[in-house]
Amino acid sequence: MKLLTYKTQDTEPRLGFIHNNQVIDMEDFGEISNFPLPNDMLDLIDMGFEIIEEITEMVAETPENFFEEISYELSEVTLLAPIEKPRKNIIGIGLNYTEHVAESARTLDTTGKLPQKPIIFSKPPTTVTATNTSIIKNTKLTEQLDWEVELAVIIGKKGKYVANAEAMDYVFGYTVINDISARDCRREGQWIVSKGQDTFAPMGPYLVTKDEIENPHNLNLSLKLNGVEKQNSNTKFLLFNINDLIEDLSIVFTLEPGDIIATGTPAGVGAGRSPQEWMYDGDVVEATVEGIGTITNTIKEI
């Protein structure tokens, strides 16, 4: 199921899902089905993945004409980030594609050695923005604004010391994140100033539940800047796959429903190019993950 957070000219943010290429309001669908459903993505995730199975069954049993008064054309709504206000920082994973490790060593202050354990950082909730919004480039802080397309994993249930083989049981779904990075803002090896500025985590356009993705370890991901392809790879090249990440992270801290893990970016970032490339005012960046969709953002300098 493709889930989304959206608004119209007449509504505050609402929860919906895609059915027959239309947006169906989740709360309204619950009313016509006599099955109370929430109006917020985190509240839905808190209900457990089983709720998706129940909703899918109800959709299949609902006559098509019942959807008419609770649906919108995609052109009628504004897509928001699937999780507009995460409860906690987004968990970022650094240097998680082999070729990106190599390109980072050439141009940044990394060693070039393959990490023996996942490299973990975080991005505050205020980094989140939606598709078709601006990424703010604060020229008082950075002149080296870079892109990083990533598959993001949404956790569906509480987990501590999760076994590798059971990790997928803790996944609710997936989305796209562009891990925007200010390369000249790292401080003594710490990344949060580089990664954590407002609007530095464009996310969306949908949250796709795990049953829709046959194999998350075989998804194409790519990125274009002003229509020119800069990144093109596949999640099969992850150094630490999703099972590995959930196992490791759950040893470090408890994973909870709604937690977001950005799994890392492949080669092709601006910092790794010769000469290096950066994003400037008016540039348009498009990040795509197979089976989920594309998020498009415009750089705005202040």
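Cut-offs and rules
Residues numbered from 1 in each chain as written. Predicted model: local features only at pLDDT ≥ 70, side-chain atom pairs only at ≥ 80, totals over all residues. Heavy atoms only, no water. Helix = DSSP H or I, 4+ residues; strand = E, 2+ residues; numbered from the N terminus. Rg over C-alpha atoms; globule rule 2.2 N^0.38 Å. Buried < 20%, exposed > 50% of the residue type's maximum accessible area, 1.4 Å probe, protein only. Areas by Shrake-Rupley, 256 points an atom, 1.4 Å probe, with all protein chains shown as cover. Lys, Arg positive; Asp, Glu negative; His and termini not counted. Charge placed at Lys NZ, Arg CZ, Asp CG, Glu CD. 1 Å grid on protein atoms, 1.4 Å probe; cavity = no way out; pocket = protein on both sides within 12 Å on 5 of 7 lines; lining within 4 Å. Points joined across faces, edges and corners; volume = space filled by probe spheres on them. Nonpolar A, V, L, I, M, F, W, Y, C, P; charged D, E, K, R; others polar. Phe/Tyr/Trp six-rings, centres within 6.5 Å; stacked < 30°, edge-to-face > 60°. Lys NZ or Arg CZ within 6 Å of the ring centre and 35° of its normal. Pairing = 2+ DSSP bridges. Axes fitted to C-alpha atoms, helices over the stretch in contact; angles between N-to-C directions. Core = buried A, V, L, I, M, F, W, Y, C linked by side-chain atoms within 4.5 Å.

### Quick notes on the overall build of the protein
Then step 1. Along its length, the protein carries 6 helices and 19 strands.
Then step 2. By the compact-globule yardstick of 19 Å for 302 residues, the protein fits well, its C-alpha radius of gyration being 19 Å.
Then step 3. By its C-alpha atoms, the protein is 60 × 45 × 30 Å across when sized along the principal axes.
Then step 4. Every one of the 302 residues in the protein was classed for burial, and the buried ones make up 53%.
Then step 5. Accessible surface, the protein as shown: approximately 13,400 Å² in total, 46% of it carbon and sulfur.
Then step 6. Side-chain charges of the protein comprise 25 positive and 48 negative groups, with the mean position of each set lying 10 Å from the other.

### Digging into the layout of surface pockets
Then step 1. Empty space within the largest pocket amounts to approximately 170 Å³.
Then step 2. Together, Thr5, Pro13, Arg14, Leu15, Asn39, Asp40, Met41, Leu42, Pro82, Ile83, Glu84 and Lys85 line the largest pocket.
Then step 3. Of the residues belonging to the lining of the largest pocket, the class tally is 6 nonpolar, 2 polar and 4 charged.

### Quick look at the packing of aromatic side chains
Then step 1. The full count for this structure, using the stated rule, is 5 aromatic pairs.
Then step 2. By way of ring pairs, the aromatic residues Phe17, Phe29 and Phe67 are connected into one cluster.
Then step 3. Positioned above the aromatic ring of Tyr170, the side-chain terminus of Lys157 is 4.6 Å from the ring centre.
Then step 4. Cation over ring: Lys160 sits above Tyr161, and NZ or CZ is 4.8 Å from the ring centre.

### A short note on empty space enclosed by the protein
Then step 1. Within this structure, the stated rule accounts for 2 cavities of 30 Å³ or more.
Then step 2. As a volume, the second largest cavity reaches approximately 50 Å³.
Then step 3. Together, Pro86, Arg87, Lys88, Asn89, Ile90, Pro257, Gly258, Asp259 and Ile260 line the second largest cavity.
Then step 4. For the lining of the second largest cavity, the residue count by class is 4 nonpolar, 2 polar and 3 charged.

### Some points on unusual backbone geometry
Then step 1. Cis geometry marks the peptide bond from Gly204 to Pro205, where omega comes out at -10°.
Then step 2. Here the residue pair Ser274 and Pro275 is connected by a cis peptide bond, since its omega of 0° sits within 30 degrees of zero.
Then step 3. Position of Pro275 among the secondary structure elements: in the loop between strand E17 (260–262) and strand E18 (284–289).
Then step 4. You will see that Leu95, though not glycine, has its phi angle at about 50°, which is positive.
Then step 5. Of note, Leu95 is situated in the loop between strand E6 (90–94) and helix H4 (98–107).
Then step 6. Taking relative accessible area as the criterion, Leu95 reaches 11% and is therefore assigned buried.

### What to know about the sheet that holds E18
Then step 1. Pairing in this open sheet of 5 strands is mixed, and the strands run E9-E19-E18-E15-E16 from one edge to the other. The open sheet terminates on both sides in strands that have one partner only, identified here as strand E9 (133–137) and strand E16 (228–234). Along the sheet, successive strands turn relative to each other by an average axial angle of 20°, direction set aside.

### Some points on the nonpolar core
Then step 1. By size, the foremost hydrophobic cluster in this structure holds 47 residues, and its most contacted members are Tyr174, Ile246, Ile261, Met279, Val289 and Ile292.
Then step 2. Judged by nonpolar contacts, the second largest core, of 34 residues, contains Phe29, Leu37, Leu44 and Phe49.

Remember that the coordinates give geometry; whether it matters functionally is a separate question.
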